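Here are the chains, one letter per residue:
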Amino acid sequence: MKKTFLAITILLATLTSATLTSCNDDDGDSSSSFLSFVTFMGNLSEGAQFQYQASGDSPIITLQANQSIQSSNSDDPFTAGDRMVISYTISDDQYFDASKAGTYDITLTGGMKVPTITFTPEDVADIATAYPQWKTDCAIQIYSFHRSGNFMNLYALVPYDLGENFEIKLVMDESTRNSATPNVYLVHNYSQSLTSTSYYYACFNISYLLSTYDSFNLYISNTSNPSQTYLTISRD
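Described below are features of the structure shown in this document.

Conventions we followed
- Residues numbered from 1 in each chain as written.
- Predicted model: local features only at pLDDT ≥ 70, side-chain atom pairs only at ≥ 80, totals over all residues.
- Heavy atoms only, no water.
- Pairing = 2+ DSSP bridges.
- Helix = DSSP H or I, 4+ residues; strand = E, 2+ residues; numbered from the N terminus.
- Axes fitted to C-alpha atoms, helices over the stretch in contact; angles between N-to-C directions.
- Phe/Tyr/Trp six-rings, centres within 6.5 Å; stacked < 30°, edge-to-face > 60°.
- Buried < 20%, exposed > 50% of the residue type's maximum accessible area, 1.4 Å probe, protein only.
- Lys NZ or Arg CZ within 6 Å of the ring centre and 35° of its normal.

### Thoughts on the sheet that holds strand β4 (residues 48–52)
Think of a sheet as strands paired side by side through backbone hydrogen bonds, with each pair either parallel or antiparallel.
Phase 1: The 5 strands are arranged β3-β4-β5-β8-β7 in a closed barrel whose pairing can be described as mixed. Along the sheet, successive strands turn relative to each other by an average axial angle of 55 degrees, direction set aside.
Phase 2: Pairing geometry for strand β5 (residues 61–65) and strand β8 (residues 102–113), over 5 bridges, is parallel. Pairing of Leu63 across the sheet is with Tyr104, part of β8.

Dropping the structure here:
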């Protein structure tokens, strides 16, 4: 029986939702549910395919759905290479192990494309001048911020206004550019005076930083854990 599911998420309204289509019936087998940052590889004949890395430089795992996935917004279609957050199930008899490379059959239950912000050599500034009140002005409530491969994956609660022009990015402090371990700051233009908030997912492509430096300090102003001021990011 053909099934169509409309993805339900708590992402910002500007993000694109997805419609999932399957031609298979549920078989009632026991399964486990997951929510993951992934890279969309395209809709193959078998269905949508994704690549997943649990954390750091862990092996790349292929997730093969038995459903295709299409953007609900025709002006913003999904294309191979897009970063996404997907919810899915894996049957327990596949013995999912994120520490080993492999391919797993999945059943998609939802999916969203998320913004991908690429750090470039031009993303440099004198932090003290450009962001004099960085700790307060750029504070957000971070639930998770972790590296998988060339990406930093962010899940946070941010001040939100539909009329505001949102921008969030990574900026290197100019004074540390030539150091062995430069300082990079998470900055944004969300107004702290806003009373509305929204859950937010984003990916930061840090390929340049990982290929240029052995490590870097990523400074965050996290209202969930004020004592954690930075993360040191490096290859495993």
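### Focus: the packing of aromatic side chains
Phase 1: Per the counting criterion, the structure on display carries 16 aromatic pairs.
Phase 2: With centroids separated by 4.9 Å and ring planes inclined at 15 degrees, the aromatic side chains of Tyr185 and Tyr219 adopt a geometry described as stacked. Note that Tyr185 is positioned in strand β14 (residues 183–188) and Tyr219 in strand β16 (residues 215–219), a separation of 34 residues in sequence. Take Tyr185 and Tyr219: they sit in the same class, and that class is buried.
Phase 3: Every member of this aromatic cluster is reached through a ring pair, and the members are Phe34, Tyr52, Tyr88, Phe96 and Tyr104.
Phase 4: The ring centre of Phe151 lies 4.2 Å from the NZ or CZ of Arg83, which sits over that ring.

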